[in-house]
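Residue-level structure breakdown
Spelled out, the chains give:
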Amino acid sequence: MPDYLCPHCKKPIYDDEATLCLYCGESLERPSGFMGNIKYSRPKIIAAVIALIVILTFLLLMLR
Ligand SMILES: [Zn+2]
């Protein structure tokens, strides 16, 4: 679980999707590099994993 420190109040932010600090309400000013790549690629990875699980479940049901 990557945590990110609020640049204003230095509290850890555990919500990757959050753009505003939960504690002080300021913008988190997230860096657009590594963290940004994780943020934007994650939905695709989740969709791929769900699709794989569904396919495997179907295969197991077919084989029985
Ligand atoms: Zn803050």
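The present account deals with the structure reproduced in this document. (Residues numbered from 1 in each chain as written. Predicted model: local features only at pLDDT ≥ 70, side-chain atom pairs only at ≥ 80, totals over all residues. Heavy atoms only, no water.)

Side note on the nonpolar core
In this structure, Tyr-4, Cys-6, Ile-13, Ala-18, Cys-21 and Leu-28 together form the largest nonpolar core, which totals 6 residues. If near-sequence neighbours (up to four positions away) are discounted, Cys-6 is found in contact with Lys-11, Ile-13, Cys-21, Cys-24 and Leu-28. (Core = buried A, V, L, I, M, F, W, Y, C linked by side-chain atoms within 4.5 Å. Buried < 20%, exposed > 50% of the residue type's maximum accessible area, 1.4 Å probe, protein only. Contact = heavy atoms within 4.5 Å.)

Re the coordination of the zinc ion
Distances from the zinc ion to its protein donors, Cys-6 (SG), Cys-9 (SG), Cys-21 (SG) and Cys-24 (SG), fall within 2.2 to 2.3 Å. Geometry at the zinc ion is tetrahedral, judged from the 4 donor atoms that bind it and their angles of 104 to 116° at the metal. Spacing between the donor residues of the zinc ion along the chain follows C-x2-C-x11-C-x2-C. (Donors = N, O, S within 2.8 Å, 3.2 Å for Na, K, Ca; no water. Tetrahedral: all angles 85-135°; square planar, octahedral: opposite > 155°, others 65-115°.)

Overview of the packing of aromatic side chains
Here a ring pair, both rings aromatic, is described through the centre-centre distance and the interplanar angle of the planes. All chains considered together, the criterion is met by 0 aromatic pairs. Here the basic side chain of Lys-11 rests over the ring of Tyr-23, its NZ or CZ set 5.2 Å away from the ring centre. (Phe/Tyr/Trp six-rings, centres within 6.5 Å; stacked < 30°, edge-to-face > 60°. Lys NZ or Arg CZ within 6 Å of the ring centre and 35° of its normal.)

Quick look at unusual backbone geometry
In terms of backbone geometry, most residues other than glycine have negative phi values and most peptide bonds are trans. With phi around 65°, Lys-10 is a residue other than glycine that occupies positive phi space. Turning to its location among the elements, Lys-10 is positioned in the loop between β1 (4-5) and β2 (12-13). Owing to a relative accessible area of 57%, Lys-10 belongs among the exposed residues under this scheme. (Helix = DSSP H or I, 4+ residues; strand = E, 2+ residues; numbered from the N terminus.)

Some remarks on a nonpolar patch on the surface
Judged by side-chain polarity, Ile-46, Ile-50, Val-54 and Phe-58 come together as a nonpolar surface patch covering roughly 380 Å² of accessible area. Along the chain, Phe-58 falls in helix α1 (residues 34-63). A relative accessible area of 52% means that Phe-58 is categorised as exposed. (Patch = residues over 30% accessible without salt bridge, like charges linked within 9 Å, V, L, I, M, F, W, Y side chains within 5 Å. Areas by Shrake-Rupley, 256 points an atom, 1.4 Å probe, with all protein chains shown as cover. Salt bridge = Lys/Arg side-chain N within 4 Å of Asp/Glu carboxyl O.)

Interpretation note: all reported values are geometric properties and have no functional meaning in isolation.
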